[in-house]
Amino acid sequence: MATFKFWYLVLYAVSENYFDRIRSVYMKLNNMFFKYENEVLGALMATLSRENYLLVGPPGTAKTTLVYALSKLLNAKWFYRQLTRFTDLEEILGPINIAKLLDGKVERIYANSIVESEFALLDEIFNASSAILNTLLSILNERVVYDGEKVVPVKTWTVFGASNRIPDEEELQALYDRFPLRVFTEWVSPDDTEPLIIKGWELRMDLDRMEPLATMDDVQAVNKIITEYVYDHIKDISKVISPIIANYVEHIPISNRTRVKVPMYVATYLMLHGIDIGRTELSSSLLRVGTIKVLRYLVSNKDQLNEYYSFATVHMPEDLLRLSELLSEAKALINNEVYDEAKQRIRDAKELLSQLRSRWDIVMTRLYADEINDLEELLKRLEDAVTESKQ
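Fair warning: this is a prediction, and the values are worked out from it, not measured in the lab.

> Break down the pattern of salt bridges for me, citing the residues and quoting the values.
Close approach of charged atoms lets side chains of opposite charge pair. Here the structure, examined in full by the defined rule, presents 20 salt bridges. Across the pair D206 and R209 runs a salt bridge whose closest N-O atoms are separated by 4.0 Å. Of the two residues, D206 and R209 are both situated in helix 8 (residues 193–209); the distance of three residues between them amounts to about one turn of the helix. Looking at R209, the relative accessible area reads 55%, which means it is exposed. Where R359 meets D319, a salt bridge forms, and the shortest distance between an N and an O atom there is 2.8 Å. In this pair, R359 is assigned in helix 15 (residues 339–359) and D319 in helix 14 (residues 318–335), connecting sequence segments 40 residues apart. For R359, a relative accessible area of 49% gives the class partly exposed. By sharing partners, the salt bridges in this structure join R322, E325, E329 and R345 into a single network.

Below you can see the structure in the form of structure tokens.
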């Protein structure tokens, strides 16, 4: 029994190193890109889940740069193609071996093709020809290529798609569903132009001198640990997250294929936020938060994001809901020039925020850091508005 316990501790001591290295990649990417937290998080979730990931947005929003940076930080071999109606199979799978063809054999040279890559970025993926799309379906779903009579295993770990549109053609819906994790990128606001330029130049320099912080072996090890944990605890996990998903799909449809994968997404999300899977118990509260957070990556289009935000707001912890209500009331009172009552709401909000910070543990504070920061910024603006009213 003592021997078993020893090796159990050794296993998870080693796993912590995997976790730490992957988290260092996550932190590095967040520091490199300007206001790209959702895109970065989705990319890491997809990578750790061995899932396909779609970035939808206009040109010039760093979609390609993100995948390139991730591949460098993981020392991964990557493949890139911009697809058009005229892209042929040889550009994806590799050329026919002429020497073999002269001997009457039809074989491809797969070196430097998607077959031999660890990451693949397919730009404007929905513009591809039907022949390419049919080939991609098997790559995305089964990680194989049906090349003539041969079934060729594909080494690609994660396939990234990029597009400036969501397909509305019926024949593209199956392909679209093969990218269950999605993010919608945007140009930054005009007010953010200055920090964008500064961060953009820092990014250019970082890319030139960037060294790997982890490896694909780390990715595969973390994937295995999380997969085994989810499998071993699937009944308990499902009991907590299923009601949330069932409520969500009444507003935003999610396919059966994707619903089955949600536990994996939740576990990877929590790992990236400091939870050591296998050592830290995934409590009901953690699972609920993780589920609500990853559901934003399962919307089908940008318009559904507003529905997601409404859903997430309703499911926030009571302290945050009350804090949000107090600040909304204070804002309304200021707009109506009822400043004394507004000041009282602001005082109540500051007290509640202080209590929240003392009651919540580090993990919950980290998971809701964005919401807390947004409410703090609103609180500061409201205080400034009340101060200006006195002048």
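> Tell me what's going on with the side chain of T156, and back it up with residues and numbers.
Looking at the secondary structure, you find T156 in the loop between strand 5 (150–153) and strand 6 (158–163). Assessed through its relative accessible area of 0%, T156 is described here as buried. A distance of 2.7 Å separates a polar side-chain atom of T156 from the backbone oxygen of I114. For T156, the contacting residues outside a window of four places in its chain are R50, I114, V115, S117, E118, F119, A120 and R143.

> So what about the packing of helix 10 (residues 234–249) against helix 11 (residues 256–272)? Which residues, and what values?
In a pair of packed helices, the angle between the axes and the distance between the axes together describe the arrangement. Running from amino to carboxyl end, helix 10 crosses helix 11 at an angle of 125 degrees, the nearest separation of the two axes being 10 Å. Taken together, helix 10 and helix 11 sit at an angle that is classed as oblique. The handedness of the crossing between helix 10 and helix 11 comes out as right-handed. Contacts between helix 10 and helix 11 pair I234, I237, I241, I245 and V249 from the former with R259, V262 and P263 from the latter.

> Help me get a handle on helix 9 (residues 216–232), residues and values and all.
In this model helix 9 runs 24 Å from its N-terminal to its C-terminal C-alpha over 17 residues, within 8% of the 24 Å that 1.5 Å per residue would give. The backbone nitrogen of D217 has a side-chain oxygen 3.2 Å away, supplied by the residue at the start of helix 9, namely T215.

Each value, and the rule that gives it
Residues numbered from 1 in each chain as written. Predicted model: local features only at pLDDT ≥ 70, side-chain atom pairs only at ≥ 80, totals over all residues. Heavy atoms only, no water. Salt bridge = Lys/Arg side-chain N within 4 Å of Asp/Glu carboxyl O. Helix = DSSP H or I, 4+ residues; strand = E, 2+ residues; numbered from the N terminus. Buried < 20%, exposed > 50% of the residue type's maximum accessible area, 1.4 Å probe, protein only. Polar contact = N/O pair within 3.5 Å; in protein donor to acceptor, adjacent residues only side chain to side chain. Contact = heavy atoms within 4.5 Å. Axes fitted to C-alpha atoms, helices over the stretch in contact; angles between N-to-C directions. Parallel < 35°, antiparallel > 145°, perpendicular 65-115°, else oblique. Left-handed = near helix turned anticlockwise from the far one by under 90°. Expected span 1.5 Å × (residues − 1).

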